[in-house]
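Residue-level listing of the chains:
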Amino acid sequence: MRKLIAILCALGVAVLSTGCSGGSIYSNYRDIAELMIVQTLGFDSMPDGGVTVSVSAEGSSGAGSEDGSKKPERLSASAASLTEAQDELQHYSGGLQLFFGHTAYFLLGADVLNTDTARFFDCIERDTAFRLSIPVFAISSGSASELILGAGDEERDATKLMHALTQELRGRRRTCRRDRSRRRRGRNGGRARRLYYYI
């Protein structure tokens, strides 16, 4: 009798634990076709104290192209806080879930450098979605939104331009940065350090 009860309990647990997540072990599983993959993230400060958040991202699919490549998407939203601005961006994403796990570049508009930068760096440094190795570019003149929304064309976006710029900068300063990183590893036990550029 005890064996029968144990078997029935095991079957009940098995039935209840299947089908809830669409066949995935993760309850928040999303198919990649449902994601808008953010690759470049820009921040601007507004005169009234608000913020503008802009993104350059991959779309959900390459249905519009012959080779199946994904067309770049460019979005920008302004609000009183970073959280509200990100929520506004989600409304503009066409039903796709914004995914920040593949963010490759941060851009800070010129106005950000003239204000309290703490909230922007708190977002960059403390958000677990962002890797510590993502470089930060501070724009000397103009805004991050102008660069993200206006750079490139239908095939190339700000991310590709930032990638080319990063490669050029690394090529110029490779030796100097290697020496500096060796000293940092010696002092800080091998922890990753973020690179900052002023453009």
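Given the structure is predicted, the values throughout are model-derived calculations rather than measurements.

Q: Outline the pairing of strand E2 (residues 51–58), listing residues and values.
A: Extensive coverage of E2 is indicated by the burial of seven of its eight residues. Two elements, strand E1 (residues 35–45) and E2, share eight bridges in a ladder whose sense is antiparallel. The residue of E2 that forms the bridge with Val38 is Ala57. The hairpin turn running from E1 into E2, its antiparallel successor, is five residues long, and Gly49 in that turn takes a positive phi close to 95°. Relative to strand E3 (residues 72–79), E2 is paired through eight bridges, and the arrangement is antiparallel. Along E3, the bridge assignment pairs Ser54 with Ser76.

Q: Please provide a residue-by-residue account of helix H2 (residues 82–91), values included.
A: Residues Leu82, Ala85 and Leu89 constitute the buried set of H2. One face of H2 carries all of its buried residues, which in axial projection span an arc of 60°. For H2, the exposed residues lying more than 90 degrees away from the buried face are Thr83 and His91.

Q: Residue-level account of the nonpolar core, with values.
A: The nonpolar side chains of a soluble globular protein tend to be buried with one another. By size, the foremost hydrophobic cluster in this structure holds 26 residues, and its most contacted members are Leu41, Phe43 and Phe106. Elements represented by at least two residues in this core include exactly E1, E2, E3, H2, strand E5 (105–108) and helix H4 (118–126). Apart from residues lying up to four places away in sequence, Leu41 is in contact with Val53, Ser54, Val55, Phe100, Thr103, Tyr105, Phe106, Leu107, Phe130 and Ile148. Grouped together as the second largest cluster of nonpolar side chains are eleven residues, Phe137, Ala144, Ala151 and Ala158 included.

Q: Could you give an account of the environment of Ala144, naming the residues involved and the relevant values?
A: On the secondary structure map, Ala144 appears in helix H5 (residues 144–150). Take Ala144: its relative accessible area is 0%, and that puts it in the buried class. Along the primary structure Ala144 and Val55 are separated by 89 residues, whereas in three dimensions their C-alpha atoms are 9.3 Å apart. Setting aside residues no more than four positions away along its own chain, Ala144 makes contact with Gly42, Phe43, Asp44, Leu107, Gly109 and Ile139.

Q: Can you tell me about the pattern of salt bridges, naming the residues and giving the values?
A: A full pass over the atoms with the stated rule returns one salt bridge. Note that Asp122 is salt-bridged to Arg126, the shortest N-O span being 3.7 Å. With Asp122 and Arg126 both in helix H4 and four residues apart, the pair spans about one turn of that helix. By relative accessible area, which is 66% here, Arg126 ends up exposed.

Q: Tell me about the packing of aromatic side chains, and please be specific about residues and values.
A: Scanning the entire structure with this criterion turns up five aromatic pairs. Where Phe43 meets Phe106, the ring centres are 6.4 Å apart and the plane angle is 35°; that geometry is what we call tilted. Highlighted residues: Phe43 in strand E1 and Phe106 in strand E5, separated in sequence by 63 residues. With relative accessibility at 0%, the residue Phe106 sits in the buried group. What links up through ring pairs into an aromatic cluster is the set Phe43, Phe100, Phe106, Phe120 and Phe130.

Rules and cut-offs
- Residues numbered from 1 in each chain as written.
- Predicted model: local features only at pLDDT ≥ 70, side-chain atom pairs only at ≥ 80, totals over all residues.
- Heavy atoms only, no water.
- Buried < 20%, exposed > 50% of the residue type's maximum accessible area, 1.4 Å probe, protein only.
- Helix = DSSP H or I, 4+ residues; strand = E, 2+ residues; numbered from the N terminus.
- Pairing = 2+ DSSP bridges.
- Arc of directions from axis to C-beta.
- Core = buried A, V, L, I, M, F, W, Y, C linked by side-chain atoms within 4.5 Å.
- Contact = heavy atoms within 4.5 Å.
- Salt bridge = Lys/Arg side-chain N within 4 Å of Asp/Glu carboxyl O.
- Phe/Tyr/Trp six-rings, centres within 6.5 Å; stacked < 30°, edge-to-face > 60°.

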